Each structure stands twice: as C-alpha cells, then as structure tokens.
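# Close look at the chain arrangement
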Amino acid sequence: MPWIDKNDCTGCGICIEECPVDCIAMEENVAEIDMKGCIRCALCHDICPVDAVKHDSEKEEYWIEENVNWAKYSIDASAKYYGREEERLNCLNRMIGHFKREKRIAEATVERLLKIKEEIE
Ligand code: SF4
Ligand code: SF4
C-alpha cells in the first residue's frame, strides 16, 4: 500500500488530480490517501515529483514500533485500571494473542490470494 510522507509532500496536488479513484485529499496542505478507497495501482508513487509517496516496505519498522508502543501502553493502562500488577502479564498475553491472530489471518489471506493468482495465470 502506498503512503505519503508528510515531511516530503509539497502539496502540489498532482496525485490528487491523477488518482483514478479519487481517494487522495489535501489535509493541512499535504496529501493524504484514504486507504479504504485505494486500489493499489501505484500511479501516485510513480508520478510524485518529489518522491513523497512511499511503499509499505519503507514503513515496516515504524509499524512494529507503533505496535510495541501500543502494547506497552495497554499493559500499563490495564495494571492501573485493575489496580493489580499481575494484570501486566495478562494484558501482555492478550496482546501476543492478538498479534498471533493477525499473523494467522494475514497468512490465510495470502494463501487465498495465491489461489486466485493461479486462476488468473
Ligand atoms: S504529488 Fe507528491 S508532492 Fe504532490 S501532493 Fe501528491 S504526494 Fe504531495
Ligand atoms: S495507489 Fe492508485 S488508487 Fe491508491 S492512492 Fe495512489 S493513485 Fe490512488
């Protein structure tokens, strides 16, 4: 999936004009992609004059850090809410379960998509 680096975007609007499904809008002078509407055509990535549109692979470390920070926040908040230190471990196990489930869903989705690919080829 493409994403726009707000630090690089100059707000020229070219990607907004060219996106075939109109899923890019200007937010506070920088372009932002509506991920639910994006069809992953990569056109915006190819036409941006300042290379502000990045690929997913360029954000993996950021997302991992974001997930870990979310887990840490939840662990602290759970212990505080319940008033029991043992809730830290309970919450941590729930977070691990959550991400394992996400992994299973992603792997099963890839399997299904590979079958669709076989049908297309
Ligand atoms: S083409 Fe690039 S610089 Fe121009 S608005 Fe889109 S992302 Fe920003
Ligand atoms: S990848 Fe295609 S559909 Fe998605 S935002 Fe860019 S131009 Fe629009």
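Analysis parameters
Residues numbered from 1 in each chain as written. Chains lettered and ligands numbered in written order. Predicted model: local features only at pLDDT ≥ 70, side-chain atom pairs only at ≥ 80, totals over all residues. Heavy atoms only, no water. Near = heavy atom within 4 Å. Nonpolar A, V, L, I, M, F, W, Y, C, P; charged D, E, K, R; others polar. Patch = residues over 30% accessible without salt bridge, like charges linked within 9 Å, V, L, I, M, F, W, Y side chains within 5 Å. Areas by Shrake-Rupley, 256 points an atom, 1.4 Å probe, with all protein chains shown as cover. Salt bridge = Lys/Arg side-chain N within 4 Å of Asp/Glu carboxyl O. Lys, Arg positive; Asp, Glu negative; His and termini not counted. Charge placed at Lys NZ, Arg CZ, Asp CG, Glu CD. Helix = DSSP H or I, 4+ residues; strand = E, 2+ residues; numbered from the N terminus. Buried < 20%, exposed > 50% of the residue type's maximum accessible area, 1.4 Å probe, protein only. Contact = heavy atoms within 4.5 Å. 1 Å grid on protein atoms, 1.4 Å probe; cavity = no way out; pocket = protein on both sides within 12 Å on 5 of 7 lines; lining within 4 Å. Points joined across faces, edges and corners; volume = space filled by probe spheres on them. Expected span 1.5 Å × (residues − 1). Pairing = 2+ DSSP bridges. Core = buried A, V, L, I, M, F, W, Y, C linked by side-chain atoms within 4.5 Å.

## As for the site of ligand 1
- The environment of ligand 1 is formed by Ile4, Cys9, Thr10, Gly11, Cys12, Gly13, Cys15, Ala31, Cys48, Pro49, Val50 and Val53.
- Among the residues forming the shell around ligand 1, the class breakdown is 9 nonpolar, 3 polar and no charged.

## Examining a positive patch on the surface
- Residues Lys100, Arg101, Lys103 and Arg104 make up a contiguous surface patch of positive charge.
- For Lys103, the position within the fold is in helix H4 (residues 87–120).

## Topic: the environment of Ala79
- Within the secondary structure, Ala79 is located in helix H3 (residues 60–82).
- In this structure Ala79 comes out as buried when scored by relative accessible area, which is 5%.
- Sequence separation between Ala79 and Asn90 is 11 residues; the distance between their C-alpha atoms is 9.3 Å.
- Residue contacts for Ala79: discarding those within four places in its chain leaves Arg84, Glu85, Glu87 and Arg88.

## Some details on the layout of surface pockets
- Here the largest pocket is characterised by a volume of approximately 150 Å³.
- Contributing to the lining of the largest pocket are Trp3, Ile4, Asp5, Lys6, Ala31, Glu32, Ile33, Met35 and Lys59.
- Put simply, the parts of the chain that give the lining of the largest pocket at least two residues each are strand S1 (3–4) and strand S3 (30–33).
- Residue contributions to the lining of the largest pocket peak at 3 residues, all from S3.

## Describing H3
- In a regular helix each residue adds 1.5 Å, so 23 residues correspond to 33 Å; H3 covers 33 Å between its end C-alpha atoms and thus fits that length.
- What H3 keeps buried is the set Ala71, Ser74, Ile75, Ser78 and Ala79.
- At its buried positions, H3 is contacted by H4.
- Just downstream of H3 lies Gly83, where phi reads positive at about 70°.

## With respect to the pairing of S3
- Both strand S2 (residues 24–27) and S3 contribute to a ladder of 4 bridges, which runs antiparallel. Within the sheet, the bridge partner assigned to Ala25 lies in S3 and is Glu32.
- Here S2 hands over to S3 after 2 residues, with Glu28 in that stretch at a positive phi of 50°.

## Things to note about the nonpolar core
- With 14 residues, the main nonpolar core has Ile4, Cys9, Ile24, Ala31, Ile33 and Cys44 as its most contacted residues.
- Residue contributions to this core peak at 3 residues, all from S3.
- Setting aside anything within four residues of it in sequence, one finds Cys9 in contact with Ile4, Val30, Ala31 and Ala52.

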